[in-house]
Amino acid sequence: HHRRLKVEVRRTVIPSIGAEVLTKSSQLQRRTATGSVARLALLGAMAAGALYAARGRRRIAFTGRTVLITGGSRGLGLELARLFAAEGANLVLIARNAEKLSQAARELESHGTRTFTYPCDITDSIQVRQAVAAIVEQVGHIDVLINNAGIIQVGPVENMTLSDYEQAMAVHFWGPLALINAVVP
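Residues numbered from 1 in each chain as written. Predicted model: local features only at pLDDT ≥ 70, side-chain atom pairs only at ≥ 80, totals over all residues. Heavy atoms only, no water.

Visitor: Got a minute to help me understand the pairing of strand 3 (residues 66-70) in this structure?
Guide: Remark: a regular strand shows side chains that alternate across the two faces of the sheet. Most of strand 3 is tucked away, with 5 of its 5 residues classed as buried. Here strand 3 shows a buried face lined by Thr66, Leu68 and Thr70 and a second buried face lined by Val67 and Ile69. As paired strands, strand 3 and strand 4 (residues 90-95) are joined by 5 bridges and run parallel to one another. Across the sheet, residue isoleucine 69 finds its bridge partner in strand 4, namely leucine 93. As paired elements, strand 3 and strand 6 (residues 144-146) share 3 bridges and run parallel to each other. In the strand pairing of strand 6, valine 67 is matched with valine 144. (Buried < 20%, exposed > 50% of the residue type's maximum accessible area, 1.4 Å probe, protein only. Helix = DSSP H or I, 4+ residues; strand = E, 2+ residues; numbered from the N terminus. Pairing = 2+ DSSP bridges.)

Visitor: How do you make sense of the nonpolar core when you look at a structure like this?
Guide: Of all hydrophobic cores here, the largest spans 17 residues; its most connected members are Leu68, Ile94, Ile122, Val128, Ile135 and Leu179. For this core, the secondary-structure elements that each account for two or more residues are strand 4, strand 5 (115-119), helix 4 (125-139) and helix 5 (162-183). Of the residues forming this core, the biggest block, 5 residues, is contributed by helix 4. For isoleucine 135, the residues in contact, after removing those within four places along its chain, are Leu68, Val92, Ile94, Tyr118, Gly140 and Ile142. Core analysis: the second largest hydrophobic core is formed by 15 residues, Ala81, Ala85, Leu93 and Ala95 among them. (Core = buried A, V, L, I, M, F, W, Y, C linked by side-chain atoms within 4.5 Å. Contact = heavy atoms within 4.5 Å.)

Visitor: How do you make sense of the pattern of salt bridges when you look at a structure like this?
Guide: Pairing is possible between side chains that carry opposite charge, provided their charged atoms lie close to one another. Enumeration according to the criterion identifies 2 salt bridges in this entry. Between glutamate 79 and arginine 82 there is a salt bridge, with the nearest N and O atoms lying 3.0 Å from each other. Placement of the pair is glutamate 79 and arginine 82 together in helix 2 (residues 75-86), with a separation of 3 residues, close to one helical turn. A relative accessible area of 36% means that glutamate 79 is categorised as partly exposed. Here arginine 82 ties to glutamate 107 by a salt bridge, and the two come within 2.6 Å at their closest N and O atoms. One end of the pair, arginine 82, is in helix 2; the other, glutamate 107, is in helix 3 (residues 98-109), with 25 residues separating them in the sequence. With relative accessibility at 32%, the residue arginine 82 sits in the partly exposed group. Residue glutamate 107 is classed as partly exposed on the basis of its relative accessible area, which comes to 27%. Through salt bridges with shared partners, a single ionic network connects Glu79, Arg82 and Glu107. (Salt bridge = Lys/Arg side-chain N within 4 Å of Asp/Glu carboxyl O.)

Visitor: So what exactly am I meant to see when it comes to the side chain of aspartate 164 here?
Guide: The residue aspartate 164 is located in helix 5 in this model. Here aspartate 164 occupies a buried position and makes no salt bridge, while the nearest side chain of opposite charge, arginine 96, is found at 12 Å. Side-chain polar atoms of aspartate 164 contact the backbone nitrogen of threonine 161, separated by 2.9 Å. Excluding residues that lie within four positions of it along the chain, aspartate 164 makes contacts with Gln153 and Asn159. (Lys, Arg positive; Asp, Glu negative; His and termini not counted. Polar contact = N/O pair within 3.5 Å; in protein donor to acceptor, adjacent residues only side chain to side chain.)

Visitor: Whenever I open this one, helix 2 confuses me. Can you help?
Guide: Residues that lie three or four places apart on an α-helix share one face, since the helix turns once every 3.6 residues. The terminal C-alpha atoms of helix 2, which comprises 12 residues, lie 17 Å apart, in line with the 16 Å expected from a rise of 1.5 Å per residue. Residues Gly77, Leu78, Ala81, Phe84 and Ala85 constitute the buried set of helix 2. For helix 2, the buried positions fall inside an angular range of 120° around the axis, keeping them on one side. Facing away from the buried side of helix 2 by over 90 degrees, the exposed positions are Gly75, Leu76 and Ala86. (Expected span 1.5 Å × (residues − 1). Arc of directions from axis to C-beta.)

Visitor: Looking at this structure, how should I read helix 4?
Guide: Compared with the 21 Å implied by 1.5 Å per residue over 15 residues, the 21 Å span of helix 4 between its first and last C-alpha is a close match. Val128, Ala131, Val132, Ile135 and Val139 are the residues of helix 4 that are buried. Seen end-on, helix 4 carries its buried residues on one side only, within an arc spanning 95°. Exposed and facing more than 90 degrees away from the buried side of helix 4 are Arg129, Gln130 and Glu137. Looking at the packing, one finds that the buried side of helix 4 touches strand 3, strand 4, strand 5 and helix 5. The N-cap of helix 4, judged by a side-chain oxygen 3.0 Å from the amide nitrogen of isoleucine 126 a few residues on, is aspartate 124. Positive phi appears at glycine 140, one or two residues downstream of helix 4, with a value of about 100°.

Right, here's the structure in full:
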């Protein structure tokens, strides 16, 4: 028997939710009837999985919801803020640079979005607790938290120091954990 690797990419449109699902299957097949049965079973399982996933989707309305975005003064955080603004959300942006926060707020408010800013270094758990308390006092509650703040250090591993890794963990793990603990009752 001969063996071959077969890769298939199929595009399925699910009209009820207007979604497209791309599926890719790779399999080593024998050129026998068993290969055809296996392929048919695999495609059936993939189709069932896609339908199950599509049924679980639901649209969440953000109109009037308060969305807190860390790292919201620029980059991905600001782009996320623009997207939530288009959905009618009230925005709370946190970042270290107060001037860039003000610029972001002016841009978002010029389109009619209610925007609050809080300069905060998320690696400082005291600043995080104070910022969240001030936010809750001012806006009432936080509906959505997006832990987006981040740093990147580029270089060969032999040039990285323990301090570099500690700083990355503080921003990417401990800071978001402090925010989650402060926001979730």
